Amino acid sequence: MQMSTDQKIKYQIQKQENLLLRKKGGLITMPFIIANEAFEKVASYGLLPNMIVYLMKDYGMSLTKGQTVIFFWTAATNFMPIIGALISDSYLGRFLTIGLGSIFSFLGMFLLWLTAMIPQARPGPCDPRIQACKSASPSQYFLLLSSFALISIGAGGIRPCSLAFGADQIDIKENSKNMRVLERYFGWYYASAALSVVIALTGIVYIQVHVGWEVGFGVPAVLMFLSTSLFFIASSFYVKHKIRTCLLTSFVQVILVTYRNWEIDIPSTDSEVWYQLKESMYHVPTNKLRFLNKACIIRNPEEVGSDGIALNPWTLCSVDQVEELKVLIRVIPLWSAGIMMSINISQSSFPFFQAQSMDRHITSNLEIPAGSFGLFTIIALFVWVMIYDRVVLPVASGIRGKPVHIGVKERMGIGLFLSFLGMVASATVEHIRHRKAIQQGYLNNPSAVVDMSAYWLVPQYVLNGLAEAFNAIGQTEFYYSQFPKSMSSIASSLFGLGMAFANLLASLILSTVDHATKIGGKESWTSSNINKGHYESYYWLLAILSAINIVYFIFCSWAYGSCAEQVNGFPDDSINGSAIELLKLSSQVTYEAENGKELTKSRLLPA
């Protein structure tokens, strides 16, 4: 069947648009996009390690209260990207969303800098571990929390879009090596982000400790200003894809139409009743979550206009809309299995106080700040990405004589197991440190330095870094490969959304443990006095929860089934080949479309 005249015209217009876009983008845009993300990470992550000290000593908060504030702030920072992704993919586009996010981040950091510069903006120096401290006034809290809120809103604009926006610049469907290019881009993107965090955990933390909060908060504000400026400077070079649809509205439409058509029987997939757009990525709906297929059944031919468009989108949805909602629903169980690892790596304050109470000297005159020990997590992540890309895969491929790729679900599972080991290591080291502190008579002196090297903490940091390298990168690749291109911003923000829920759950776990363990006048496991508390018991609790979560992940992985490859938006459950073979099939489909040949269902869909 030949393409209609309207289809040919539309195809030629789309082809010309793609050619114009291809003149833009490319590697020339990478420095600006990566610099924007890198400066944002240096600025925002540089604020986090010592924030508990700032809240305790300058705002008089207890450890539990200060950590709870940080948990909620981090949760908001990780939750906002899903809002930013929806706004980006539905309304503003990635470029404008990143730009506005950068401006909000700068304003938030500038406001936080003002809290350090203006003495009246905070209650004053105090150490709640050894004395009662004056609480901050409502206006002082408002200024502090406003700065946190603006930073979180800014992160919501930058983080979900930066990765996908960079992929837009190099994602060329006609390139037979496109899949490999994107895989390497994801890995090196995370490596550059990791390097940014390394700088944050060394340079910014060092400035805060040795120079003061005024400069320590001022430098991130300046970096964020540079980040915003550099991103807008390269505006004319970027590929900026147009917004096709409002995803949130689309999801609601599918749910409502499914409910409206609930009594309708679902026909076979080879039926002609499925409503698809001319540029549809899907010809018929898949058999996954079949009940949603009722939303794209044409009950009456009059529901579709002469131009092939549904007259009322609230009574008839396209196959694409249905499949977009399906893929989001299907990944939720696996997504939820990654939350526990995020809970583990979000425990920043407890390792900080552990390191602060141990010998951190490298030489007699040089010691690492307690807030910089998170550096070992980032180094482990960075090194593994390089080894995996440059050593593991090439060597394994050479041995087997064909390309080797560790599946995304396998990497996610390995990450969860490493996270469990990280909590076991944390509990073991803290048990030894706590025992030494008691033996050396430091029970009532939380500021004392125990005769034990802080570098015993390195294994737990390294395990957490490897866990994140396997699980976080695996998750992002998993979402990006399973989601259609129209949802790529949502795909890149799902891990951050998991971190948001993890922070909320971590706060709940912390509060519950704190209240439950101090009943009857006992000292809380999470006491501000690290030597009176029992941080090791808290770590063992997280380790037990991590072990249970691994079993849950295995079940979710089995229930999900095999990962259907995506080729330019076309899902194919029937093809078991390499990514290159899939891309060759995509090229053949494109060739047939250009020559007016019939795109048979047998080439795109399972038999």
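What you see is a predicted model, and the numbers here were worked out from it, not measured in a lab. The residue numbers shown here count from 1 along each chain, following its written sequence. For a predicted model such as this one, the threshold for reporting local features is a pLDDT of at least 70, and the threshold for listing and counting side-chain atom pairs is 80 or more; totals across whole chains, interfaces and linings nevertheless cover every residue. For side-chain calculations, the full set of non-hydrogen atoms in the structure is used, while hydrogens and water are omitted.

Some points on the overall build of the protein
Across its full length, the protein holds 19 helices and six strands. Each residue gets one of three labels from its accessible area relative to the maximum for its type: buried under 20%, exposed over 50%, partly exposed in between, using a 1.4 Å probe on protein chains only. When each of the 607 residues of the protein is scored for burial, the buried share is 54%. Areas reported here follow the Shrake-Rupley algorithm with a probe of radius 1.4 Å; residue values treat only the protein chains shown as occluding. For the protein, the accessible surface area stands at approximately 27000 Å², while carbon and sulfur atoms represent 66% of it. Secondary structure elements follow DSSP: runs of H or I of four or more residues count as helices, runs of E of two or more count as strands, with numbering from the N terminus.

A word on the side chain of Thr526
Structurally, Thr526 can be placed in the loop between helix 16 (488-517) and helix 17 (535-560). A relative accessible area of 2% places Thr526 in the buried class. Filtering out sequence-adjacent residues up to four positions away, Thr526 remains in contact with Leu63, Thr64, Phe350, Leu510, Val513, Asp514, Tyr535 and Tyr538. Note on definitions: a residue-residue contact is assigned when non-hydrogen atoms from the two residues lie within 4.5 Å.

What about the packing of helix 2 (residues 30-47) against helix 5 (residues 94-117)?
Every angle, taken between N-to-C directions, lies between 0 and 180 degrees, and every axis is a line fitted to C-alpha atoms, over only the stretch in contact when it is a helix. Orientation of helix 2 relative to helix 5, taken along the N-to-C sense of each, is 30°, at an axis distance of 11 Å. Between helix 2 and helix 5, the angle falls in the class roughly parallel. For the pair helix 2 and helix 5, the crossing hand works out as left-handed. On the side of helix 2, the interface is formed by Asn36, Glu40, Ala43, Ser44 and Leu47, while helix 5 contributes Ile98, Ser102, Met109 and Leu112. All residues other than Ala, Val, Leu, Ile, Met, Phe, Trp, Tyr, Cys, Pro, Asp, Glu, Lys and Arg, Gly among them, are scored as polar; the first ten of these are nonpolar and the last four charged. Counted by class, the contact of helix 2 with helix 5 contains five nonpolar, three polar and one charged residues. Oblique is the label for every angle not falling under 35 degrees (roughly parallel), over 145 degrees (roughly antiparallel), or within 65 to 115 degrees (roughly perpendicular). Crossings are classed by handedness, with left-handed meaning an anticlockwise turn of the near helix from the far one by less than a right angle and right-handed meaning a clockwise turn.

Considerations on helix 6 (residues 138-170)
To estimate how far a helix should extend, the number of its residues minus one is multiplied by 1.5 Å. When the terminal C-alpha atoms of helix 6 are compared, their 49 Å separation across 33 residues agrees well with the 48 Å that a helix rising 1.5 Å per residue should span. At any given residue, the bend is defined as the angle formed between two axes, one fitted to the seven residues that end at that position and one fitted to the seven that begin there. At Ser162, helix 6 is deflected by roughly 40°, the largest bend along its length. The element helix 6 is extensively covered by neighbouring structure, given that 26 of its 33 residues are classed as buried.

Concerning the nonpolar core
Ranked by size, the top nonpolar core spans 123 residues in total, and within it Met51 and Phe483 carry the most contacts. By size, the runner-up hydrophobic cluster in this structure holds 15 residues, among which are Ile33, Cys161, Tyr189 and Tyr480. Take the buried Ala, Val, Leu, Ile, Met, Phe, Trp, Tyr and Cys residues and link them wherever side-chain atoms come within 4.5 Å; each set so joined is a nonpolar core.

Observations concerning the pattern of salt bridges
Take a side-chain nitrogen of Lys or Arg and a carboxyl oxygen of Asp or Glu: if they are within 4 Å of each other, that pair is a salt bridge. The full count for this structure, using the stated rule, is six salt bridges. Residues Glu323 and Lys326 are paired through a salt bridge, measuring 3.1 Å at the closest nitrogen-oxygen approach. On the criterion of helical spacing, the pair formed by Glu323 and Lys326 is a turn pair, its members being three residues apart in helix 10 (residues 319-337). You can call Lys326 buried: its relative accessible area is 1%. Two residues, Glu477 and Arg411, come together in a salt bridge whose shortest N-O distance is 3.0 Å. On the criterion of sequence distance, the pair formed by Glu477 in helix 15 (residues 458-482) and Arg411 in helix 14 (residues 408-439) is long-range, its members being 66 residues apart.

What about the confidence of the model for the protein?
Confidence per residue, as judged by the predictor, is encoded in pLDDT with a range of 0 to 100. Per-residue confidence for the protein averages 79 on the pLDDT scale, and 83% of its residues sit at or above 70. In the model of the protein, helix 19 (residues 601-604) stands out as the element of lowest mean pLDDT, 30, in contrast to helix 17, which has the highest, 94. Long-range and interchain partners of residues 6-11, a stretch whose pLDDT sits below 50, account for seven contacts in this model, where long-range means more than four residues apart. Confidence drops under a pLDDT of 50 for residues 565-607, and excluding neighbours within four residues, the segment shows 67 contacts in the predicted structure.

Digging into the environment of Leu381
Within the secondary structure, Leu381 is located in helix 13 (residues 375-400). Along the primary structure Leu381 and Leu466 are separated by 85 residues, whereas in three dimensions their C-alpha atoms are 5.4 Å apart.

Notes on the pairing of strand 4 (residues 450-453)
Of the two faces of strand 4, only the one carrying Val450 and Met452 is buried; Asp451 and Ser453 on the other face are not. Two strands pair under a simple rule: DSSP has to find at least two bridges between them. For strand 1 (residues 358-359) and strand 4, the ladder comprises two bridges, and the chain directions are parallel. Looking at the pairing, Asp359 lines up with Ser453 of strand 4.

Digging into the packing of aromatic side chains
Pairing of aromatic side chains here covers Phe, Tyr and the six-membered ring of Trp, requires ring centres within 6.5 Å, and sorts the geometry by plane angle: under 30 degrees stacked, over 60 edge-to-face, intermediate tilted. The final tally for this structure, using the stated rule, is 30 aromatic pairs. The interplanar angle of 25° and the centroid separation of 5.2 Å between the aromatic rings of Phe95 and Phe231 together place this pair among those described as stacked. Of the two residues, Phe95 is situated in helix 5 and Phe231 in helix 8 (residues 213-233); the sequence distance between them amounts to 136 residues. Each member of the pair, Phe95 together with Phe231, is buried. Aromatic pair Trp213 and Phe217: ring centres 5.3 Å apart, planes at 35°, arrangement tilted. In this pair, Trp213 and Phe217 are both assigned in helix 8, four residues apart and thus about one turn of the helix distant. Ring-pair connections join several aromatic residues into one group, and the members of that group are Phe95, Phe165, Phe231, Phe232 and Tyr238. We call a charge positioned above a ring when the Lys NZ or Arg CZ atom is no farther than 6 Å from the ring centre and deviates by at most 35 degrees from the ring normal. Seen from the ring of Tyr560, Arg330 lies directly overhead, with NZ or CZ sitting 4.1 Å from the centre.

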